[in-house]
Structure formats: structure tokens, C-alpha cells
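Here are the chains, one letter per residue:
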Amino acid sequence: MTKTIEIFSSGDTRCVDFSAAQFPSRLQPLGGSLQALCEDATHYGYVHSGTLNLNFQGRTFAVGAGMYFCVPGSATVTWESNSHSPGSGFVASRLEFNGLFQVGGPIETIGRLRYIDGCSDTLLISPPVLGDPCLNLLCIPPQTRQRSHTHPSERLGMIASGHGVCKTPAGDLPLAPGDRFSIPADGRHSFHTQAEALRVIAFHPDSDFGPTHQNHPMINKTIIEGRSAAGLTS
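Please read all numbers here as calculations on a predicted model, not as lab measurements.

Engineer: An account of the sheet that holds strand 18 (residues 180-183) is requested, with residue identities and associated values reported.
Structural biologist: With antiparallel pairing, the seven strands of this open sheet are ordered in space as 1-18-15-20-14-13-12. Where the open sheet ends on each side, the last strands, each with one partner, are strand 1 (6-8) and strand 12 (113-114). Alignment of strand 13 (residues 120-125) against strand 14 (residues 134-140), held across five bridges, turns out to be antiparallel. Each bridged residue has a counterpart across the sheet, and for Thr122 the counterpart in strand 14 is Leu137.

Have a look at this one:
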């Protein structure tokens, strides 16, 4: 299991294995003519270029550039053949987790939620239940100097657009569109930009956010004798 922050250029086919972590996960590139996604994981993916044909449970879904997906269990992916070269993207697989199938996008220019140091965030794929994984779009404006920070679990993803630098205790790591990144738990880092904004797709293998059996939109807005059913014992 890697212990350092790593950046992988678009032509780098190496994978990252966090299967021994508290929330086991893997990062791999989307590329080549055919790729199989394993049964015992939920796969969170993003297409950076090209059009991906996602084959799941007997149906095919076209996922274009700037779109994302979540696939529970086995699936295959192929690139549309009308291009001279395969497209690119990434898949972050959360092992031993059963998520919800989703296809969405294209991603936005600016996030919906405020984040540190003038940045913004959109929650692309929400946790189905409190603690489950999620996929985020992080938008970093030009001339941003993020404060150095850490996360209690791994962060995996890709630079969707723009250029910048990831500052780490070991040195500065240049960032370019199509680069994948791997940040281990408690890895200290910060994103810095110059003239360009930076958009980052970030997979979180866990979260401290999400619905619970006692707190979700359906039960909160179910009113029984003037009271929300959320406050009633089942």
C-alpha cells in the first residue's frame, strides 16, 4: 500500500492498491480496447476524453467526456471505435461495498458548495447511507493558495481541467488535465493555481455524511398526527 502522494500522467498505466486500508480501494486508468470491472466492488469512474460504452447487466450506456458513473459489481467497458485512439479516464473501486448504479454529467464549471480558501465543491455521487463512499467535483479558482491540509482516508481521482501544483512535504507535483492522483490517508498537501482554474474529480472511500434510518427525506416529511415519523419509534 502506497504511503506517498503520487501523480500519474495520462500515458501512465500503473494502478494504485489501497486494498489493505481501512476502506479498501483501488485506482486504475480507463484505457485500452476492453476492460473488465470486478464483481466484489463498486466502481466510481470518470471519462476525461472519448466516449465509453459501459456494459452492465445486459444494457449498454454511452458515457461521454466530462461524465461520470457508479457501477456495483461486474461490468465491461469499451471505447467507441470512431476515434483514432482510445479515450481516457479513471476508475476508483471501493472493495466489498455495494453501491447504486448511476451515470451523470457533464460536470459543472463551478461547484455548488463552499470549500476552503475560496474553492467550491459539487457532490456528484452521494453516499446512499451515512459513511458510504462518494464522488466529488472540486473547483479551484485561479490564483488560489490552499492551506496545507490532510484527510483521514485516501483520496483518488483525476484532474478534469486546468493546470496547477500539488504542494507536498516532499516537493511540488505539477498537475495537468488527464493526470490521475493518489493521496494516502493523512497525506499533507495543498492545491495551488496561477492563471487557470483547476477542476478535480475526487473519490472518497468513506464519508461522515449521508442519510440514516432516523434521518432521510422520506421519513422526515412523513407526518403522522402532526409529527414527523422521524421522531416516532418504529
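This is not the end of the story, as more comes after the structure.
Engineer: Give me the lowdown on the nonpolar core, citing residues and values where you can.
Structural biologist: The biggest cluster of nonpolar side chains holds 23 residues, and the ones touching the most others in it are Tyr46, Phe90, Ile107, Leu124, Leu135 and Ile201. Listed by contribution, the elements that provide at least two residues to this core are strand 2 (16-18), strand 5 (41-49), strand 8 (68-72), strand 10 (88-95), strand 13, strand 14, strand 15 (155-161) and strand 20 (198-204). Formed by 15 residues, the second largest nonpolar core is a distinct cluster that contains Phe56, Phe61, Val63 and Ala75.

Engineer: Describe the pattern of salt bridges, with residues and values.
Structural biologist: Across all of its chains, the model carries five salt bridges by this definition. The shortest N-O distance in the salt bridge between Arg14 and Asp12 comes to 2.7 Å. A residue is classified by how much of its surface remains accessible, and Arg14, at 46% relative accessible area, is partly exposed. Classification of Asp12 by relative accessible area gives buried; the value is 17%. Note that Asp172 and Lys167 form a salt bridge whose closest N and O atoms lie 2.9 Å from each other. Under the relative-accessibility criterion, Asp172 is labelled partly exposed at 46%.

Engineer: Describe the side chain of Asn136, listing the residues and the values that go with them.
Structural biologist: Within the element layout of this structure, Asn136 appears in strand 14. When sequence neighbours within four positions are dropped, the list of residues in contact with Asn136 reads Asp121, Thr122, Leu123, Leu124, Val200, Ile201, Ala202 and His204.

Engineer: Explain the sheet that holds strand 11 (residues 102-104) residue by residue, including any values.
Structural biologist: Adjacent strands of a sheet form backbone hydrogen bonds with each other and so pair up, either parallel or antiparallel. Within the open sheet, the six strands sit side by side as 2-3-10-5-8-11. Their pairing is antiparallel. Edge positions in the sheet fall to strand 2 and strand 11, since each has one partner strand and no second. Taking each pair of neighbouring strands and ignoring which way they run, the sheet shows an average axis angle of 15 degrees. As judged from the six bridges shared by strand 3 (residues 25-30) and strand 10, these two strands associate in the antiparallel manner. Each bridged residue has a counterpart across the sheet, and for Ser25 the counterpart in strand 10 is Arg94.

What counts, and at which threshold
- Residues numbered from 1 in each chain as written.
- Predicted model: local features only at pLDDT ≥ 70, side-chain atom pairs only at ≥ 80, totals over all residues.
- Heavy atoms only, no water.
- Pairing = 2+ DSSP bridges.
- Helix = DSSP H or I, 4+ residues; strand = E, 2+ residues; numbered from the N terminus.
- Core = buried A, V, L, I, M, F, W, Y, C linked by side-chain atoms within 4.5 Å.
- Buried < 20%, exposed > 50% of the residue type's maximum accessible area, 1.4 Å probe, protein only.
- Salt bridge = Lys/Arg side-chain N within 4 Å of Asp/Glu carboxyl O.
- Contact = heavy atoms within 4.5 Å.
- Axes fitted to C-alpha atoms, helices over the stretch in contact; angles between N-to-C directions.

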